[in-house]
Structure formats: structure tokens, C-alpha cells
Amino acid sequence: MIKYERFTVSNGLKVLVHQDHSTPMAVVNVLYDVGARDEEPTHTGFAHLFEHLMFGGSVNIPVYDEPLQVAGGENNAYTTNDLTNYYCQLPAENLETAFWLESDRMLSLAFSEKSLDVQRKVVSEEFKEHYINKPYGDVWKILRELAYKQHPYRWMTIGRELRHIEKAELDDVKRFFFKHYTPSNAILVVAGNVYVDQVRMLAEKWFGGIAPGLRYERNLPGEPQQVEERRMEVKAKVPLDAFYKTWHMSARMDPRYYAADLITDMLGGGGSSRLYESLVKDKKIFSNIDCYHFGSHDTGLLTIEGKLVRGVDIRTAEAAVEDVLEKMRTDLVEEKELQKVKNKTESIMAFEDMSVMSRASSLAYYELLGDADLMNTELKKYQSVTAEEILKECRQIFRPENSNTLYYLSE
Amino acid sequence: MSLPSILDRKIPPPIKDAVDLRLELKPYTKYILDNGVEVYAIDAGAEEVLQLEMVFFAGDWYEGQNGIAAATNFLLKNGSSKRTAYEINEHFDYFGSYLNRNCYNETSNIILHCLTKHLHELLPVMRELITDATFPQHELDIYKQNMKQRLEVNLKKCEVVANRQIDEYLYGHDHPYGKYSTLETYDALDRDAIMSFYERYYGRGRCVIFVAGILPSDIHHQLNQHFGQLPLNKEALPEIQYPVIPSTQKKNRIINDPEGLQGAVRIARPFPNRHHPDYKQAMVLNTLLGGFFGSRLMDNIREDKGYTYGIYSYLQNHIGDSAWVISTEAGRDVCEDTIKEVYHEMKRLREEEIPEDEMMMVKNYLMGTILGDLDGPFQIIGRWKNIILNGLDEQYFYETLTTIRDISPEALNALAQKYLREEDFYELVVV
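Residues numbered from 1 in each chain as written. Chains lettered and ligands numbered in written order. Predicted model: local features only at pLDDT ≥ 70, side-chain atom pairs only at ≥ 80, totals over all residues.

Caption draft 1: Representation of the pairing of strand β5 (residues 84-91) of chain A in the model. All names here are of chain A. For β5, the buried fraction is high: eight of the eight residues fall into the buried class. Bridge analysis of strand β3 (residues 25-32) against β5 gives eight bridges, and the strand direction is antiparallel. Bridged to Met-25 within β5 is Pro-91. Pairing between strand β4 (residues 74-79) and β5: six bridges, direction antiparallel. In the sheet register, Tyr-78 faces β5, and the bridge partner there is Asn-85. Remark: four residues form the turn of the hairpin made by β4 and β5, two consecutive strands paired antiparallel. (Buried ≥ 20, exposed ≤ 12 C-beta atoms within 10 Å, placed from the backbone. Helix = DSSP H or I, 4+ residues; strand = E, 2+ residues; numbered from the N terminus. Pairing = 2+ DSSP bridges.)

Here is the structure:
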């Protein structure tokens, strides 16, 4: 049970405080309600590029990292298709330094040409390192474009193409900042060896004077229901054939989400999962196989991916995956297996909650979803999923007309 | 509420220097099992979970044939006389626990993460893995096939090729720190060699246990019951020495992918291990050079030039001989410029006075990081494990803190003059 208190600063900034006096550290986590899905199709990769620029100096502080390091702190940030999250951890005595730094970059960035120029290059190198100069690195670019035709999930967080990043202009940067990086679009979580009154005072002092900004109303094109099976084949310089298949699944806050999440664990969660046992160990068709999803806020993708044992025909491999799925669509899962994936969920949650840093980011994340209290109540939702619901969900998800198949073949 | 007019955002709030913080490494409780196996325990935490790690001296160091130690370690959970691989996995999965195993240079481990309430269900099967693993031939065959395929994919990555090569330059191909697997390594694996390695280095091996988290009150009894009667720690480990035979060629360029957009750059020199008097100071100098986001290498090569997404330097975590390594993936056409800048930063550390505010930043950063790293039982036991397996004691931890607090810019200059000399470094670019 994670306890917290919630209040709002005079300008509308939401604040959550989680006290844990067993640690000497404090964590300050600022989540902005903006991700790659909020980008223009012609300016993809911007939310993530922006995350880099947030370290290039703010209006009153030339460099973000230096004063934080002087205060004994460290920090990082990440961008997803749904959100952007910044967090820092430092000795609790120096908590105010984090307020000073975070509030100044919410007030305004320095918008320096030099910083933009350098970060364009850095992000381009990141793009190359992870998505181009790496075997199978472009798979998710292809899979997203195959599965999404309208919704902005059709591009990756890093961006659809290098060019979009290379041509980013300072004016774009400013517009993006003042649209999204405002108190009304942010959630502040302060955790660790801190006190509510102290946080209230500091939040008002450092954030209170920042103009609230307009609340960004998200109005994204919904992805039309897929009605026909889609297939694609590419050849690339990779040593092994690989098989990828995605199916549309429900959004993060849909009640059906929990069954879908458990299904991915039954299929791909570790050494006793169905796909691994049947296709890697028993039939020796795949050298590795996995099943996962991203927990996307909007309608997401459930994915199965695997590399084939050399010599196996990819159609044979696909048929073998289908056999496993057919069983999922036909037979009720046994109580023991259902309990296994529920136990796994319980334990993942307990391990996640061990560090103050991850408790802080979870609180911000659940608050963004609608209510931080979900952090304490979600386990019950998993525990109440029935075998019948799993069966129903499998029949709903694993339909050919809901699927996108990619054969990624060795040249 | 209006903005207080006195708020001047250009003035940083006062801070307490992290070097003045009181840092304590929470002491462990030590138990000795009936057979002499040492158990180091940290009972702490906010969640009802624990981590149990059994360390065996069964790393690459002790294998007569390349790949045997890693294969043995990997296949520990792939079948016993009572259970199939599937049944073993299912057992640990059912209780929502994670049983991993890793093979390193000197040691290997089996590491369990579970809810505290389930420990008693899991210990008997852990015991089975170290006493009764059968290494079925079909499991070995799948392992060989899949590891070979994985290796083929990995060898397409410049950074993997670079990591293998630089270690070979530093230590030589026959040294455990310098050797690596090839397809032939996997082809040559056979069940008999694995069985005999298993019996010697697990069955009758040397074992140390580290356990942390919220522990059951009878933890000593439970561990003793399952592991205290096994024939562990009876036989002395063989004394094996491997000569270090470094490469004679210092500068190397390899083409792995003619069309690749990036190159993997590695610059490295031999360096002594933690027992050497320069080690702690070198740790501070390394932080300044490339050990954190505000380092000189990051500042220059990423934040000023934009040549790379990240560049780091580190001291290799070896029990024996070690090395000082600078590592980055940079744009293909700027790899040589990157190397030039690395040497430039070394030169500056040798010749230019290190500004007081930068000293302060690095010291505070290091202290803050250590403080943050000690957050939670798994982190605390991790520190202890490092200390104990390296044959050190808590003095080492506290001396490290003193070094960070007291070291002068002049001492760092002197250290740079001793160790950061271009001519001592091996250089490698894999594109």
C-alpha cells in the first residue's frame, strides 16, 4: 500500500507527495502529458528531441546537470509515445535545488541555437545506434506503419525518419514548449525523506509563479477498426529469419486490458510460457520467442516475435504459432496456469515498488491515467480476471482480420 | 497567491555539500552453515521480498575448455532427475519468482528473487539444481543451436565485436579475461565435460551465499537445512594462473559492416585491481574523465560536438588484473576525431589545473551517488558482495569515502600523468 497526499498549487499544478523516512534521499519527478503521439506527422521525433533540449539550459540556469551534481544528485528522463518523464534523486537536505532546477525549466528554456544544433546531432546518433546500425533495428518502424494507418502510434518515439530531426527549427521548439510544458499539463511527484508542508511551501515558492498555460486538449485521430488481415515481407542483411505478428488490443484504461496483459504472460513470460515451451523447446522451430505489449494509453498492440531456427520455413513457423493460439481460442485456461500469471503480476509489482524512484514515477504515471490510487488497486483487477474472460479476450484479439504479420527474412 | 518578488531564480538555493553527509554501509549479519558455507545477510526493506544469491567459484577461470563454465551455469535449471526443465521453470514461475543464473570470470551464480512468504517452497528446488542437475543431451543440443544463432546476430553489431577484441588485446586470447566464444566453441561442448565441471565446481565446489530483503526469522535454519549438509567448501580450489599476453599492436581498425553508419570506439590500457593504492584515486579521476553525465568526455564529445549519443570511461570490474577503458559508439566519419578528442582530454588532465568547482562537483556527485546506491537491501548487499569477493573489508568502503573527500586537484594531475598517457593505450575502431 503506497501512501501519498495530493494538493494543487495556485496555478493548477498537481502535486503528489509520498513520504518515506527510511531513505536519506529525495526524488523529484515531473511528468509532462505529452508524447510522440502528440506530434505532427511532418515533425515526428520532436517530443523526444525536446527531452534532450530540456538539459540544454533554462532561462535563468545555463546548465541543468551541473548544479544538480554539485548537490549530490543525478537525473534522467524518458519519452514514450504517450508521455515524457523527468526525474532526479538527491540527498534530501538538498531538495530545494531540484525545485529550483525543475521550476526554471518549466518557466522557460534558454532556447539556444547551439544546444539545438548539438542535440540534433546527438539524437541523430541515437537514431543510428538503435534503429539503423543494428540488425533488425527498423522492425518497429515497419510494424507500426503496418498496424496503424491513422493514429500517431504509426511512428516511433525516436521519429519516423532522421530527416525530421535534422530539420527541426528553433521556432518549432518554442511552439512545442509553450503548448505542452506548462503547469496545467504537468504532474509533480516528490518522494522520499520529505514532508508534505515542506513540499507545499517549496512548490508554491518555485512553481507558483509560473503562468498556468492552456490545458492541452488531446484530439487524436482514432485508429479505424482493422477489417482485413495485413501481411508484409522484407529482406535485410540479417543472419536469421525473424517472425513478427501484432494484433490490436485494448487501451490501457479499458477493463479488458487486464486479461490481455495476463495473456501475454501466459504466452511469453519466461521458461514455462506456452510459446517457449512448445516452439523453442519441444518443436525447435524458434531459437527465441516472446510475447509482449507496451501498455499503450490508446489502443495498443499485442506482439509475438521470434527468430527462427535456421532451415525452418517461415510459413511452418507461423503455422506453429497459430497452433498455440488456436488452443488459446478453444480451451479454458487451467486454474493453476491462471494463478501462475497472477502471482507473477503480484511479484512484479512488489519488486517495482522497492525503490523510491520507481514509486515516484509510478504515482505520476497512475495520476496521469486518471488516479494515483490505481497503483494500490490494480492488483485486485488482475486477481479478478476469470478463465472465461481470458478465453473471450483471446477470441477477440487473435482474429486474422485483427492481425499484422511481418516476415523479416535474411537476404 | 502572487509570485514572491524576492525570488531570484539566478541564485541557487543553499546546499549541504554531499561530501559532508554521513554515509554508512549497513553492517551484515553473518552465519556459517554446518558445512562451513558463509552466509552474508541484510535484513531490511519496505516490501516483503528478498534476493538470495549463491555464488560459486565456477567461472571461466576454472574451465579446461572454452565455454564449459557458461554452459554448465546456463543448463543448471534445465532438468534434474526429478523434474524436466519445464517443471523447474513452472515451479519458480508459479510462485512469481525469478531464478536467474550468470557466469562471470572467476565466479558464477544462481540468484533468486521472490516474495518472502514463498522462500520455503523454492529452496528445495534450488538445492536440486546444485545437487541433482542432469544436463539432458537434448537440452544441450538446443542450447548449442540457439547460442550459435544468437552469436551470429551479435557479431553483426560493431560494439560486440569491439568488446571482444579490446579484451583480447589487453589480456591475450588464452586468458579468461581475453577469450571469447566462437561457433566452434559451442560445437565442441559435450555433456561429459559439463557433468564433470558441475560435480567439481558446484557439487563439491566453493560457495558463498548473499541474502537480502525482508528475511524470514528462521533464515539461518532454512538455509542450513537445505544447503548446510552438502559437501561444499571441503576441497581447496585449484591454483590456476594465466599469463597476461597483451597484443603487440596498439592501434587497430576493423571493418565489420562496410555500410554501417556508426563505429564502435574502444581505447583501453591495463590497470591494477582494487588492492592497488592508486585504485581509489583513479576512480575519482575516471569519474572526472568519463564516469558520469557531467564528465569531460561527455561534455566535449557529446554535448559540444554531438559526435555520439554517449561516451563513457570505466575501470573494469575484475578480481585480478584490470583495465581502464573508454567506450563509445560514434558516427562513422567522426570516429577518428572522437579519438583525437579523447587524447586531448587526457592531455588536459595531465597538464591543466583542475578547477575547484569541478572538483567539488565530482566529489559531491560521487558521494550523492553512493548515498543513493545504498538505498534498499539489494543495493547494500551488492556493495558487500563486491567487497567480500574482492578480498576486501569495510575499510575499503570508508577509505573510498575519505579519498573522495580529501583528494586534491594536484593529486589527480599526478595520477593522470602516470596513467593517462596516449602511448599506453590500445585503440580500436570497429565500423
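Still to come is the rest of the account.
Caption draft 2: Spatial organisation of the domain arrangement of chain B. Residue and element names in this part refer to chain B. Looking at chain B, the domain boundaries give domain 1 (29-227) and domain 2 (251-430). The interface is formed by 22 residues belonging to domain 1 together with 29 residues belonging to domain 2. Looking at the side of domain 1 that touches domain 2, the elements with two or more residues in it are β2 (38-43), β3 (49-56), α5 (158-171) and β6 (207-213). For the side of domain 1 that touches domain 2, the leading source of residues is α5, giving eight residues. The residue makeup of the side of domain 1 that touches domain 2, split by class, is 13 nonpolar, six polar and three charged. (Domains from an automatic or database assignment. Contact = placed C-beta atoms within 7 Å. Nonpolar A, V, L, I, M, F, W, Y, C, P; charged D, E, K, R; others polar.)

Caption draft 3: Molecular detail of the environment of Asn94(A). Mapped onto the fold, Asn94(A) is located in the loop between β5 and α3 (95-107). C-alpha separation for the pair Asn94(A) and Asp138(A), spaced 44 residues apart in sequence, amounts to 43 Å.

Caption draft 4: Broad picture of the domain arrangement of chain A. Residues and elements named next belong to chain A. Here chain A is described as being made up of domain 1 (5-207) and domain 2 (230-410). Averaged C-alpha coordinates put domain 1 and domain 2 at centres separated by 29 Å. Contributions of two or more residues to the side of domain 1 that touches domain 2 are made by β2 (14-19), β3, β5, α5 (139-147) and β6 (186-192). Element by element, the count of residues in the side of domain 1 that touches domain 2 is highest for α5, at five residues.

Caption draft 5: Layout of the packing of helix α11 (residues 335-351) of chain B against helix α15 (residues 409-419) of chain B. Residue and element names in this part refer to chain B. At a minimum axis separation of 7 Å, α11 and α15 run at an interaxial angle of 130 degrees. Between α11 and α15, the angle is such that the two are oblique. At the point where α11 passes α15, the crossing takes the left-handed sense. Between α11 and α15, the contacting residues are Met-346, Leu-349 and Arg-350 on the first element and Asn-413, Ala-416 and Gln-417 on the second. By residue class, the composition of the contact of α11 with α15 is three nonpolar, two polar and one charged. (Axes fitted to C-alpha atoms, helices over the stretch in contact; angles between N-to-C directions. Parallel < 35°, antiparallel > 145°, perpendicular 65-115°, else oblique. Left-handed = near helix turned anticlockwise from the far one by under 90°.)

Caption draft 6: Representation of the interface of chain A and chain B in the model. Opposite the 63 residues of chain A that make contact, chain B presents 61 residues. Breaking the side of chain A that touches chain B down by element, the ones donating at least two residues are α2 (65-70), β5, α3, α4 (113-132), α8 (196-207), α10 (274-282), β9 (286-293) and α12 (335-352) of chain A. Element by element, the count of residues in the side of chain A that touches chain B is highest for α4(A), at eight residues. Of the residues contributing to the side of chain A that touches chain B, the split by class is 19 nonpolar, 21 polar and 23 charged.

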